[in-house]
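# Chain and residue survey
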Amino acid sequence: MWGRSTAKRWHLRVHRHLTLWLAVVAAVFGAPGRGLATGLPLQLEVFVNGHASNLIGGFSETAKGLASTPSELSELGLLLPEALRERGEVALADIPGLTYRYDRGRQVVEISVGADRLKPHVLDARVGSGNRLVAETGFGGVLNYALVGTVVDDDLRRFRFQGFRDSAALAAHLEGRVFTPHGALETGVIGRTGAVDDGEGVIRLDSAWTAENPDRLMRWRFGDHVNGALPWTRPIRMAGVQVQRSFDLRPDLITAPLPVMSGSAAVPSTVDIYVNNVRSFSQAVPAGPFSVMNLPVVSGAGTARVVVRDSAGRETTSEQAFFASASLLASGLYDYSFEAGVARRNYGVLSSDYSEHPIVSASGRFGVSDRVTLEAHAEGGDGLVNGGVGASVGVGRFAVVSAALSGSVRDGSAGGKVHASLETQLFGWSVSAQSQWTFGDYLDLADITADSDGFAAGYPLITASHLKSLNFVSFGRPLQMLGGNLNLSMIAAEHVDGSEQRIATASYSQRLSDRMSFYATGFHDFQGGATGVFAGLAIGLGGGHHLTVGAMHDDKGTGVSADYVKSSSNTPGSVGWRVSAARGATERTGAQVDWTSSVARVQAGAQSTAGSTYGSVVVTGSVATLGGGVFLANRIDDGFAVVDAGVPGVIVMQENRPIGTTGADGRLLVPGLRANQANKISIDPLSVPLDREVPVVARNVVPARGSGVVVEMKGKPTPYSAIVVLRDARGKPLAPGATGTVTGSGETFVVGYDGEAYLKDVGAHNEVVVTLGEHACTATFSADVKAGVQGRVEGVVCR
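### Side note on the state of the cysteines
The full count for this structure, using the stated rule, is one disulfide. The side chain of C777 participates in a disulfide bridge whose partner is C798; the two sulfur atoms lie 1.8 Å from each other. One quick way to see it: the torsion about the S-S bond of C777 and C798 is about 105°, and its sign makes the bridge right-handed. A residue pair is termed long-range when its members are at least 10 positions apart, and C777 in strand β53 (residues 775-782) and C798 in the segment after β54 (791-797) qualify at 21 residues.

### Digging into the side chain of S53
Mapped onto the fold, S53 is located in strand β2 (residues 51-62). Using a relative accessible area of 15% as the deciding quantity, one classes S53 as buried. Within the structure, the side chain of S53 is placed 2.8 Å from the backbone oxygen of V46, a separation counted as a polar contact.

### Thoughts on the confidence of the model for the protein
Taken residue by residue, the protein gives an average pLDDT of 84. The fraction at 70 or more is 89%. Across residues 1-38 the pLDDT falls below 50, and counting only partners more than four positions away or on other chains, this stretch makes 41 contacts in the model. Considering only residues more than four positions removed or in separate chains, one finds that residues 156-165, a stretch of pLDDT under 50, has 33 contacts.

### Some points on unusual backbone geometry
Even without being glycine, Q107 reaches a positive phi, approximately 55°. Tracing the sequence through the fold places Q107 in the loop between β5 (98-103) and β6 (108-113). Phi at L217 is positive, roughly 55°, even though this residue is not glycine. Along the chain, L217 turns up in the loop between β11 (202-213) and β12 (218-226). Here L217 falls in the buried class, since its relative accessible area comes to 6%.

### As for the pairing of strand β37 (residues 612-626)
Of the strand pairs in this sheet, strand β8 (residues 140-152) and β37 are connected by 13 bridges, and their pairing is antiparallel. Looking at β37, one finds that N144 is bridged to S622. Summarising the sheet, strand β36 (residues 600-609) and β37 pair through ten bridges and their orientation is antiparallel. Paired with A606 across the strands is G615, a residue of β37. In textbook terms, the turn of a hairpin is the stretch between consecutive antiparallel strands, and for β36 and β37 this stretch comprises two residues, one of which, A610, has a positive phi near 50°. Examined bridge by bridge, β37 and strand β38 (residues 629-633) share five bridges and lie antiparallel to one another. Bridging across to β38, V623 finds its partner in L632.

Criteria and thresholds
- Residues numbered from 1 in each chain as written.
- Predicted model: local features only at pLDDT ≥ 70, side-chain atom pairs only at ≥ 80, totals over all residues.
- Heavy atoms only, no water.
- Disulfide = S-S within 2.5 Å.
- Helix = DSSP H or I, 4+ residues; strand = E, 2+ residues; numbered from the N terminus.
- Buried < 20%, exposed > 50% of the residue type's maximum accessible area, 1.4 Å probe, protein only.
- Polar contact = N/O pair within 3.5 Å; in protein donor to acceptor, adjacent residues only side chain to side chain.
- pLDDT = per-residue confidence, 0-100.
- Contact = heavy atoms within 4.5 Å.
- Pairing = 2+ DSSP bridges.

Listed below in structure tokens is the structure:
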């Protein structure tokens, strides 16, 4: 099978002439044409249903006419019946519904066949599909910090909850990481003054070494981590080793099965697909059936409209319903997480409270098909063995049903847990339901590794026991007549100690205009008897200003509130603020201002509630080192880049948006890059000094998770350039279009209007030769060469 390459079509012309010569030889020797041609290999240009396929197919002429192999016919886009696919050679006449015409002189075969015998033309709607990105990283480090100063004038109840004993206190949250091409070491601490007697002044958070392998989609973590979990299991904090499959290392992969839209075009056409009335895909397709894969859709139910439009403007439209869910894995994909180590307790309260009993945990998922995903989980330690299996099944195009069953054994006592969930759309309602029950003496790692004595003194006791039962259901639908959205939900839970909770909520939102929206929320606690409702208006005032006013009523009374907000951004110099007040059942007044610089963000605010005044100042930022430099910047949560332009004052842009200018060392740190994805970094060439030439002004940067990349965009010094105004012996400007050469350097130039010529390489003393038709002239001139300045030399006479 030959492809679309035009260069290879010479073979077709050669083969045509060869076939004609063979026919002549056959005629001379008196042999029947068909008999001599039998078995003769043919290379024919193929037309399907009157349209060029741009393919050349291999055929042979037999007693039944033209024939070819099943693989060759498949590559031509023909769909063979099952009975013909195993043959060594298939006659075109044996394919049901297919007719053809062989033009021996043109060496062309014209095939006519129904759409049911054509393979669909497969299109991929994913942006950048098939483009594998390789993440970059270097050697460097990042220290994120948050410095908090607080003052309160009440009886310290607020601060005792947070572990303080003084009315004024300082706290610092530090997150540091050192990264290399082989992995990264991360740790975090919280330091504070005025801690209560039984609390630690400095508390270590997570500390771990992480290594990643994008080729195998694997991540290893040694140290503190959270074990992998499924929707029907409970995660815990551990210390030890963790091995996980990590799809976020390959953002180009789509893990959930996405809807496939199909159709057929009678002639070459353009296909537009609208998902929930938003155009999501547009591409030209050849004649015949087609399928569009990997449509970008959100989870839940929806409708896709497929519009096929030919060159004459004729349209055919069809609609197809779909249901997408993150609960399913695409066919053949698998996900897993394995952990071994010890449990960590009192995280954020004590630095090193680890259980002495080793534990293990393992979870896995496998996409049996696009509609069935199997799940399994096992964990154990300190006498506990717990395991379970589950499955998520897509039901048609309207629902996903999930179910799981797990059990546990410890010290001779056994128990079990049943979990079930449903995602669907019924009669216009989006429905999500979940239910789980435990029976017997069911236990998991979260039960047996919790601190039975509670948290350290001065902190509230939070139970880690599992729920005996949990039932949740929510309903949502757009109200098209009113233009709003209604959501209803109900949750009922029973704890192992016999206590129960049953709460129902309802919310409604509606867009009233381009700048105004109405919203209302209500709840009722069936156990406690409490009922409340809140309603308000959100008004956009333009320029980042927003006003929200509302009223609420509950068992404590009725109140009103108002918030006026000026949004800030990450752009250096951005300022934002918030002023809020509430009256009635709740008395509250507060104000806050935000300021963003290129090296930090500062937030300061004060609030008065029920006679207590609380004030705070928060400064966040980071210190990073990369490429031999140290940089101050705003908080760096993911990837970043250091742009080295070589000179100060160069404007750097991220995704075509100015992000800052290079400093005295010619470099600028750009935070906020997306890990393992392409981030466009560029410089404004107009901001580069005239005496420097930058060959590359834009680059796509792909940083690894949490690491940085040095982006070299240094320009090299260029010779002194100048505009030289050339005149003839009579003082008139040389004619436009004349060409010239600089003696010595060999630089060529063209004379423009008014005799002006741009010369890149100009020295203190220069000579140029200009050609004027059949004549030439020579000019000499001197120039005052200055770095970074483009000169202009007037009145240069060419003789």
